[in-house]
Amino acid sequence: MSQLAIDTSHVATLHYVLADERGRTLDDSRARQQPLEYLHGHGNLFPALESALAARRSGERLSVTLAPDETYGERDEALVGVSSRSAFPRDQELKAGQRFQAQGPDGPRTVTVVATDDAQVTVDANHPLAGETLTYDIEILAVREATRAELAKGHPLPPGTSHTEVEDRKR
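All figures in this text were calculated on a predicted structure; none of them were measured in a lab. Counting restarts for each chain: residues are numbered from 1 in the order of the written sequence. For this predicted model, a pLDDT threshold of at least 70 governs which residues receive local features, and a threshold of 80 or more governs which side-chain atom pairs are given and counted, while totals over whole chains, interfaces and linings are taken from all residues. Calculated side-chain values reflect all of the structure's heavy atoms, with hydrogen atoms and water omitted.

Draft legend 1. Representation of the overall build of the chain in the model. Numbering goes from the N terminus for both helices and strands, where a helix is a DSSP run of H or I of at least four residues and a strand is a run of E of at least two. When helices and strands are counted, the chain shows 2 helices and 9 strands. Walking the chain from its N terminus toward its C terminus, one meets helices and strands in the order β-β-β-α-β-β-β-β-β-β-α. Its C-alpha atoms give the chain a radius of gyration of 20 Å, clearly above 16 Å, the size a compact globule of 171 residues would have. Counting only C-alpha atoms, the chain reaches 70 × 40 × 25 Å along its principal axes. Note on definitions: a residue-residue contact is assigned when non-hydrogen atoms from the two residues lie within 4.5 Å. Of the contacts made within the chain by residues no fewer than 6 positions apart, 62% connect residues no fewer than 24 positions apart. A 1.4 Å probe and the Shrake-Rupley method give the accessible areas. Residues count as covered only by the protein chains that appear here. Here the chain has roughly 10600 Å² of accessible surface; of this, 48% comes from carbon and sulfur atoms. His residues and chain termini do not enter the charge count, which takes Lys and Arg as positive and Asp and Glu as negative. Charge coordinates come from a single atom per side chain, which is NZ of Lys, CZ of Arg, CG of Asp or CD of Glu. Considering the chain, the positive charge centre built from 19 side chains and the negative charge centre built from 27 side chains are found 4 Å apart. Restricting the calculation to C-alpha atoms gives the radius of gyration, and the globule rule supplies 2.2 Å times the number of residues raised to the power 0.38.

Next up, the structure:
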């Protein structure tokens, strides 16, 4: 019997190293000892990455480079703003690089503190990887058919999870 190829409604398990265009490692699933498991064709990865993985089999390795418009988009300087320090709780310590959730016009979003002083705070609502070209070096570890429960939920579940234990997200 031949190995399954990654296709819609298959669960693929893989290790990856994510690097930016300068070659800096941003994430390494093997170093974390935590492979990625995803349900193909259900919007769990960037579409261009899913497309590159389609029809691949266990044991294959590939490198996929994605432009900003295929991942987190280009940086938008309009999403960098300055607020009065008084808009934040007095006892809240703020420092550059800190992230927190703020209410935006389209709902909650994560923002990063860029700079702060006694009078004002500069925050950036761009995704930290916006504007970056990203490269994934991937090793496919396994491919299997999704369970009924995983199809109902839209993502991989712990082994043995019954379809009766999950709410069908498609309803």
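Draft legend 2. Representation of the packing of aromatic side chains in the model. The pairing test for Phe, Tyr and Trp rings, Trp by its six-membered ring, is centres within 6.5 Å, and the orientation test on the planes gives stacked under 30 degrees, edge-to-face over 60, and tilted for anything in between. Tallied over the full model, the rule gives 3 aromatic pairs. Measuring from centroid to centroid gives 6.1 Å for Tyr 16 and Tyr 136, while their planes differ by 55°, and the two rings are tilted. With Tyr 16 in strand S1 (residues 10-19) and Tyr 136 in strand S9 (residues 134-145), the pair connects residues that are 120 residues apart, well separated along the chain. Only protein chains enter the accessibility calculation, which uses a 1.4 Å probe; a residue whose area is less than 20% of its type maximum is buried, one above 50% is exposed, and one in between is partly exposed. Under the relative-accessibility criterion, Tyr 16 is labelled buried at 13%. For the ring pair Phe 46 and Tyr 72, a centre distance of 5.0 Å and an interplane angle of 90° mean the geometry is edge-to-face. Separated by 26 residues along the polypeptide, Phe 46 in the loop between strand S3 (36-39) and helix H1 (47-53) and Tyr 72 in the loop between strand S4 (61-66) and strand S5 (80-84) bring together distant segments of the chain.

Draft legend 3. Spatial organisation of the pattern of salt bridges. Counted as salt bridges are all cases of a side-chain nitrogen of Lys or Arg within 4 Å of a carboxyl oxygen of Asp or Glu. A complete count under the given rule lists 12 salt bridges for this structure. With a closest N to O distance of 3.3 Å, Asp 20 and Arg 22 form a salt bridge. Residue Asp 20 is classed as buried on the basis of its relative accessible area of 4%. By relative accessible area, which is 51% here, Arg 22 ends up exposed. Residue Glu 37 pairs with Arg 144 through a salt bridge whose shortest N-O separation is 3.7 Å. Linking Glu 37 in strand S3 with Arg 144 in strand S9, this pair joins segments that are 107 residues apart in sequence.

Draft legend 4. Structural context of the environment of Leu 18. By the secondary structure assignment, Leu 18 is in strand S1. When neighbours within four sequence positions are excluded, Leu 18 is seen to be in contact with Arg 24, Thr 25, Leu 26, Asp 27, Leu 134, Thr 135 and Tyr 136.

Draft legend 5. Quick look at the environment of Val 17. Among the structural elements, Val 17 can be located in strand S1. Its relative accessible area of 26% is what places Val 17 among the partly exposed residues. Residues Val 17 and Pro 89, 72 residues apart in the sequence, show an inter-C-alpha distance of 39 Å. Non-local contacts of Val 17, meaning those with residues more than four positions away in its chain, are made with Thr 25, Asp 27, Asp 28, Thr 135, Tyr 136 and Asp 137.

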